Amino acid sequence: MTDVHVPVAADHVVTVDTDGNRTGTFARSDVHTTETPLHLAFSCYVLDGAGRLLVTRRALSKRTWPGVWTNSFCGHPRWTETTEESITRHAAHELGLRIEGLEVAVPGFRYRAVDASGVVENEICPVYVARAASDVTANPDEVAELEWAAPGALARAVDATPWAFSPWMVLQVAALRDAASGPDGAVPPLLAEVAAALG
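Residues numbered from 1 in each chain as written. Predicted model: local features only at pLDDT ≥ 70, side-chain atom pairs only at ≥ 80, totals over all residues. Heavy atoms only, no water.

K.L.:
Hey, could you run me through the confidence of the model for the protein chain in this one?
P.N.:
The predicted coordinates should not be examined in detail at positions where pLDDT is low. Chain-level statistics for the protein chain give a pLDDT mean of 90 and a share of 93% at 70 or above. In the model, residues 1–8 has pLDDT below 50 throughout and makes 20 contacts with residues more than four positions away in sequence or in other chains. (pLDDT = per-residue confidence, 0-100. Contact = heavy atoms within 4.5 Å.)

Written out as structure tokens, the structure is:
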């Protein structure tokens, strides 16, 4: 990994220090290696009107965890955008999806994981929840398959076969359950609904 950052006009990830302060950018195509620097990301869980959660299978061309089932979608904010702007952009790009009611559910989520090839994910990755406001049309460069999981089914699958899902999703499902177990009235409504869907 070099110390030379790419211009922010190119597709990039934003690197951060251990306190989450932005320090620079790296080309997205170069950042995920065996020595991936800490960088910003997000994960989003999308609920439909029937209370089902959208899960996606990562495209086989993905550099990290190809073909693995994961949450609705993930991504990296660009230097010039907020996380919320990035989520809206990624929803449209990856899923052809409009979302509404976006809420941050687990703002302090952070993880590091190593896949079978040795490539590292190393992210400060707040977890958001949202509601679908349109149909989904998956981008095949990003998504191999998708499913709307019935309430409780996804959590049972994650509990029974955690190795079949992305490592960040396994940790996030537990974190979402914890975030929704606060005092009555303190939990945002959509988070409460997502947590209920997770059983």
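From this point on, the discussion continues.
K.L.:
Would you mind showing me how to read the environment of R112 here?
P.N.:
In this fold, R112 is placed in strand β9 (residues 110–114). Considering only alpha carbons, one finds R112 and E123, 11 residues apart in sequence, at a separation of 6.5 Å. Those residues in contact with R112, other than ones at most four positions away along the chain, are V120, E121 and N122. (Helix = DSSP H or I, 4+ residues; strand = E, 2+ residues; numbered from the N terminus.)

K.L.:
So what exactly am I meant to see when it comes to the side chain of H12 here?
P.N.:
Looking at the secondary structure, you find H12 in strand β1 (residues 12–16). According to the relative accessible area criterion, H12 is buried, its value standing at 1%. (Buried < 20%, exposed > 50% of the residue type's maximum accessible area, 1.4 Å probe, protein only.)

K.L.:
What is the right way to look at the layout of surface pockets in this model?
P.N.:
By rolling a water-sized probe across the atoms, one finds the places where empty space is left. There is about 600 Å³ of room inside the largest pocket. Within the residue set of the lining of the largest pocket, elements represented by two or more residues are α1 (28–31), β5 (53–58), β7 (73–75), α2 (83–95) and β10 (120–124). Looking at the lining of the largest pocket, the element that brings in the most residues is α2, giving four residues. When its residues are assigned to classes, the lining of the largest pocket shows seven nonpolar, 11 polar and 12 charged. (1 Å grid on protein atoms, 1.4 Å probe; cavity = no way out; pocket = protein on both sides within 12 Å on 5 of 7 lines; lining within 4 Å. Points joined across faces, edges and corners; volume = space filled by probe spheres on them. Nonpolar A, V, L, I, M, F, W, Y, C, P; charged D, E, K, R; others polar.)

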